[in-house]
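Structural characterization, general
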Amino acid sequence: MKGQKTLFDFTLLFVIIFLLCFGLVMLYSVSSYDANINYNDSAYFLKRQLVSTLVGVFFMTVTIFIDYHILERVAKWAYIGSCVLILLVLSPLGYEVNGARRWLNLGMSLQPAEVAKVGVIIYFAYLICDLGRNIYSKRGLIKIGGGVGLISAMILIITDNLSSAIIVFGIVFMMVFIATPNYRIYFGVAAGLLAIAALFVILVKNGVLTSEMSYRFARIEAWLDPEAYASGKSFQTLQALYAIGSGGVFGKGLGQSLQKLGYIPEAQNDMIFSVICEELGLFGATIVIFMFIVMIWRFFVIANNAEDEFGAMLVIGVMAHISIQVILNIAVVTNTIPNTGITLPFISYGGSAVVFLLIEMGLVLNVARSIKLKT
Amino acid sequence: MGKKRQNRTGSPKFNDRMKKKLTVSSLVILLAFLGLSVRLYAINRDNGEVYKRQVLSQQSYDSIVLPAKRGEIVDRNGTKMAVSEKVYNICIDSKTLNSENGKYLDHAIQVLFAQGAIEYSYTQSDLRAYILDNPGSRYRVIAKKQSYDAVSDLMGAISGPEKDPELKGIWLEETYKRTYPYNSLAADVIGFVQGENEGAYGLEEFYNSTLVGTNGREYGYLNDDENLERTTKPAENGMTLITSLDVNVQSIVEKHIQAFNKEHENEFREGDGAKNIGVIIMNPDNGEVIAMASSPGFDLNDPRNTDGLELELPEEFQMAGIIKVEQGKEGASLNASDSAEIDIAVPAEKSVDINNQGSENKALTAESDSSNNGTDQGTTDQSTDPNGESYTAPVGAGQTEETGEAEDKPMTYEEAYEAAKMEALNARWKNFCINSTYEPGSTMKPFTMATGLESGKLTGNENYVCGGVKEVGGHKIHCSNRLGHGPLTFSQALENSCNVAFMDMGNAIGKDTFMKYNRLFNFGLKTNIDLTGEALTNSLVFDLNTMTPTDLAISSFGQGFNVTMIQMITGFCSLVNGGYYYQPHIVTKIVNDAGATVQSIEPRVLKQTVSKETSDKIVELCTNVVELGTGKSARPAGYKIGGKTGTAEKYPRKRGNYLVSFMGFAPSDDPQLVIYTCIDEPNVPSQASARYATVLTRDILTEVLPYMHIFKTEEMTEEEIAELKEKELDFAITSGVATPAEEAGLETVNGEGESAEGQVNGEEKPEGEKSEGAGEAASEDGVITFVDKEKKEKPGEYKKPEIKIDEATGYAIDPSTGALLDPETGVPVDGNISDLE
């Protein structure tokens, strides 16, 4: 092994750095107006995100150089730890932002759902490898199904965070799908879930379920007919659509968005992609999507060439995470699906998210480093 | 470790089956990306134009007004008399407050009403109701013009490092508030601001366009690339007016006016010490007004305060008659003309008793808005007015005439009340010194003499004989001394204010020359002083073509035509300064916000009225009036001054209503200031005494002359020194010599000056207490004591209960002797006197 050349995936690193820098630039452009009004400091969000990014880069670097196999030993603790953190939200350490209790105050603020995503990737990569062919056994089904069910339910119920629950579930779903031989059962599960979602949509459409019951139904209503709720619940979605539509091919130019001037609420979070479309047009949006495609392509390559299944499963988990989140975010912004509140990786504002995303990137680069190049 | 697991699972590497499924997954992901890209494209293709327009249409191009700061008004020493300070309106956005199921509303109201210092236009529950009832409202001012101190906490909560993130839908709007550090000082001259930034009366109105500045604007517009840009056009602040007024002199003048008002308050009728009091002090050498005060005044910071206002309501209302607002006193026993100055056009013949030609007088009475004859009730022989005979119950009289010209449609009580209130307020806001016209009376006499001397019609060596009456044009016109002054020299004619001698002079001058010079002295013309509302007297003077010998005769001693105070004093300045008629003005310089001079208003000589020789002669003659004649009581101790008294009986004659005045200059050898004091209907049983005006003038000059560093030239008697000491005016004893006494005296004057400076330096701080306190102290110290003493010394003149008025002449009767008192000199006259006509 010694002296043998190993892969360092500079392409992936470049994509990561590109997205981080691009994200910071866009974040400043999008948030400066709001920051100036609310905090008297146009760089308020930029500064905070920059600090988080630097912390994330530090942890990524650490992660790259610590052999990922150690994680197999701590995988159970990653899962348990994530659950504990989620439970801690109920303790006095938890606090609310914008009416949702999702954060922990541990000296620095932390969103346990973001931790759980990494925790789930590590644990299920370990679990899948551990079970091996026994994955279809009763024990395997209980361990996998129970494991993902428990943590998803905790995220959904305790932190009232449907989108993170969907992402966690999606990550495990994709990992198990790839790890196991057959297709039919997964198509069945996927179809079943889609059917349930469709049922909800139909019930909302027919007025059986109304916005009074849950804000989620209100979001479905808004999704079905955004114009009807233009000044209310679909205001954000509609303003994002206006932003996308008014951008044209090359956009209005960096910093020239009108929609960010108080029209798209919290544009620096979920809706940042719409402002990218407005300022940089379809061209800029396509480049962002392309960079994510390149990233996923690199994940694909690394997973395919990973030295062992654990490493591959880690990369697949990260790949699932990134792709689900990007797809859902863009789908929400374009009103393809109802609004769920999913951020765009590397670009949206969010400290916990960027730190743990970069830790995931560290894992992938770590797995890549262990690939022995044939000479 | 890895090896071990690989061995156990039999899956050392990611196997091909997995790779295949990974490939499938990746393709699904790629497809999703492509699908979303297509969706992005579709949105742009299908809705791009619509959304583009949507984006532009929802941009607000509303411009924000950046208010300009109104310029200041300062006195000659830079003491601020009118300032604009930045204040804040608190605005709410109901839409935001109602958003998110009202989560901001409770918090916002809680924060708003935790600010103790802010005065809201709403109560807490009203505000909540308003917000809930008007969910679409984006802008509502809920507290107006709050000071920085009051809103600073709220400001910190809205923006700033310690801002409250849950506080939404509230913001502050900057604006300016006009304040007057000296409250009522020079109120009629300064004027006030109404509405947002509109000057009303006085300098505020005359110089409104200079003071107001230009509001700035912050506005959005679309540039060539259809991008919204915002531009700020900063506000241009208004210019500051530097006036020739001197706050200290003005304070002295107003202090003595107040003292007079207080002394004679409710003495003969209910109300102030006189219907109107006007005092002007001018520099004769450049036309600058140093002080201009009139009573009644008002508080510039609260001009609409109706306390003590007397309203006259039409009789159909229950509370008809004069009502006094918000005071415990019952105010129905006042002369109708005291209240609201409602112009009642009186048939000409009624008001003419000195001149039955009538035509001019018709114009005089009908056109004049003055307090003089406008509210005439016509109790002449021809009068058939049943209520006219009672002086003490004139309300009915006023009513009768008013009803005669009542409006067609009936007014509600509220309307009538409002109308009466506005009328009364307007009367209060008027500046007596420039707005009111009246017959000047004997203060005209120096002008007549100057006319004669300058035209050569008189030499100054004439001798006259006064038999008490002179018949002119078929009318017997009496001298003030009905027994006659006997033989008089030219100078003695003025010293004794002999009407007969002046009628002779008028006759010698002739009406052509007399009217030519009257026009030269600007009678009938405006002086164009830089104040709003100067009365035009062109219809209130005689017309040369129709002027009769009688008209000329009475004109020569100041009756039959109307003047304004500013006309008189400006003309008199030219008589004593060598003949130069300066345009009177108050503003000497206009400076911009940065302090740079924009315009200097230099003294402007309009014409030469008389020669230096005539001027010197007039100074000498007027000095004799004070030294030897009727003006003795005007002389402040230690000074040699000159002047002329006036006791003009008002229309209608024989009602005992007089306008007494003194017009003088000091010092005699080089007149540096000219003062003109008018007391319109002093509130005393016997008004016909110029002493009221001369004593008021002396009181003012006693303090003003030392303040203006005009040195004493005359020896003071022991009595005078004792009197000054009693009045605590020690500084006036040894003016010009730096002694401890003077320093003490200057302290008295500067005491006010210091408080003035305190105001200036501390302009952000709420003003009021200081200057008001100073004013009150001023009105109560010394002066009252002095007046009381005066009373003791001359009980016959001042003790009111004993004084009766002769029904026939309106002259006072000396209770001890039963003799009639000469209204001009206050000395008893003997024998029966008949009406002038």
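The structure displayed is predicted, hence computed values, not measured ones.

Moving on, we come to the overall build of chain A. Secondary structure assignment for chain A yields 12 helices and 3 strands. Looking at chain A as a whole, 53% of its 375 residues are labelled buried. Look at the contacts in chain A between residues 6 or more apart in sequence, and 69% of them connect residues 24 or more apart.

When helices and strands are counted, chain B shows 28 helices and 31 strands. When burial is assessed residue by residue, chain B has 49% of its 837 residues classed as buried. Within chain B, counting contacts between residues at least 6 apart in sequence, those at least 24 apart form 71% of the total.

Here we take up the environment of Asn 286 of chain B. Residue and element names in this part refer to chain B. Tracing the sequence through the fold places Asn 286 in the loop between β11 (274-282) and β12 (289-295). With 299 residues separating them along the chain, Asn 286 and His 585 place their C-alpha atoms 8.9 Å apart. Excluding residues that lie within four positions of it along the chain, Asn 286 makes contacts with Tyr 582 and Pro 603.

Next up on the list: the sheet that holds strand β2 (residues 100-106) of chain A. Residues and elements named next belong to chain A. Strand order in the open sheet made by the 3 strands is β1-β2-β3, with antiparallel pairing throughout. Where the open sheet ends on each side, the last strands, each with one partner, are β1 (94-97) and β3 (108-110). Ignoring which end each strand starts from, the neighbouring axes of this sheet average 45 degrees apart. Across 3 bridges, the pairing between β2 and β3 is antiparallel. In the strand pairing of β3, Leu 104 is matched with Leu 110.

What follows covers the sheet that holds β11 of chain B. Across a sheet, strands are paired by hydrogen bonds formed along the backbone, either parallel or antiparallel in direction. Residue and element names in this part refer to chain B. Sheet architecture is open: 5 strands sit in the order β12-β11-β27-β26-β25, paired in antiparallel fashion. Because the sheet does not close on itself, it has two edges, and the strands there are β12 and β25 (642-649). Across this sheet, the average inter-strand angle for adjacent strands is 5 degrees, counted without regard to direction. By the bridge criterion, 6 bridges tie β11 to β12 in an arrangement that is antiparallel. By the bridge assignment for β12, Ile 277 is matched with Ser 295.

Contacts between the two partners involve 44 residues from chain A, matched on the other side by 39 residues from chain B. Looking at the side of chain A that touches chain B, the elements that each hand over two or more residues are α6 (162-179), α9 (235-247), α10 (272-305) and α11 (309-333) of chain A. A total of 11 residues in the side of chain A that touches chain B trace back to one element, the largest contributor, which is α10 of chain A. Per-class residue counts for the side of chain A that touches chain B are 26 nonpolar, 14 polar and 4 charged.

Bringing helix α7 (residues 184-205) of chain A into the picture now. Helix length check: α7 of chain A, at 22 residues, gives a terminal C-alpha distance of 31 Å against a target of 32 Å (1.5 Å per residue), a fit within 8%. Immediately downstream of α7 of chain A, the backbone of Gly 207 of chain A shows phi near 80 degrees, a positive value.

Our focus in this paragraph is the packing of helix α16 (residues 445-455) of chain B against helix α22 (residues 612-628) of chain B. Residue and element names in this part refer to chain B. For the pair α16 and α22, interaxial distance at closest approach is 10 Å and the crossing angle is 145 degrees. Viewed along their axes, α16 and α22 form a crossing whose handedness is right-handed. Here Pro 446, Met 449, Ala 450, Leu 453 and Glu 454 of α16 come into contact with α22, specifically with Thr 614, Lys 617, Ile 618, Leu 621 and Cys 622. Along the lines of polarity and charge, the residues of the contact of α16 with α22 split into 7 nonpolar, 1 polar and 2 charged.

All names here are of chain B. In terms of nonpolar packing, the biggest core is built from 138 residues, with Ile 280, Ile 281 and Ile 569 touching the most fellow members. Counting residues per element, this core draws most heavily on helix α23 (residues 691-707), at 9 residues. Two domains each donate at least three residues to this core, and these are domain 1 (64-243) and domain 2 (312-434). Setting aside chain neighbours within four positions, we find Ile 281 in contact with Val 249, Val 253, Ile 290, Ala 291, Leu 673, Ile 675 and Val 704.

So, on to unusual backbone geometry. All names here are of chain B. Cis geometry is adopted by the peptide bond preceding Pro 296, which originates at Ser 295 and carries an omega value of 5 degrees. The omega angle of the peptide bond from Ala 666 to Pro 667 is -15 degrees, so this bond is cis rather than trans. Mapped onto the fold, Pro 667 is located in the loop between β26 (658-666) and β27 (673-682). Positive phi, close to 70 degrees, is recorded for Tyr 201, a residue that is not glycine. Not every positive phi belongs to a glycine, and His 709 is a case in point at roughly 60 degrees. Note on placement: His 709 falls in the loop between α23 and α24 (718-726).

Moving on, we get to the environment of Ile 171 of chain A. Residues and elements named next belong to chain A. Tracing the backbone through its elements, the reader meets Ile 171 in helix α6. Note on Ile 171: 27 C-beta atoms within 10 Å, which makes it buried. When the C-alpha atoms of Ile 171 and Val 120 are compared, they prove to be 8.1 Å apart, with 51 residues separating the residues in sequence. When near neighbours in sequence (up to four residues on either side) are disregarded, Ile 171 contacts Lys 117, Val 120, Ile 121, Gly 317, Ala 320, His 321 and Ile 324.

Definitions and cut-offs
- Residues numbered from 1 in each chain as written.
- Chains lettered and ligands numbered in written order.
- Predicted model: local features only at pLDDT ≥ 70, side-chain atom pairs only at ≥ 80, totals over all residues.
- Helix = DSSP H or I, 4+ residues; strand = E, 2+ residues; numbered from the N terminus.
- Buried ≥ 20, exposed ≤ 12 C-beta atoms within 10 Å, placed from the backbone.
- Contact = placed C-beta atoms within 7 Å.
- Pairing = 2+ DSSP bridges.
- Axes fitted to C-alpha atoms, helices over the stretch in contact; angles between N-to-C directions.
- Nonpolar A, V, L, I, M, F, W, Y, C, P; charged D, E, K, R; others polar.
- Expected span 1.5 Å × (residues − 1).
- Left-handed = near helix turned anticlockwise from the far one by under 90°.
- Core = buried A, V, L, I, M, F, W, Y, C linked by C-beta atoms within 7 Å.
- Domains from an automatic or database assignment.

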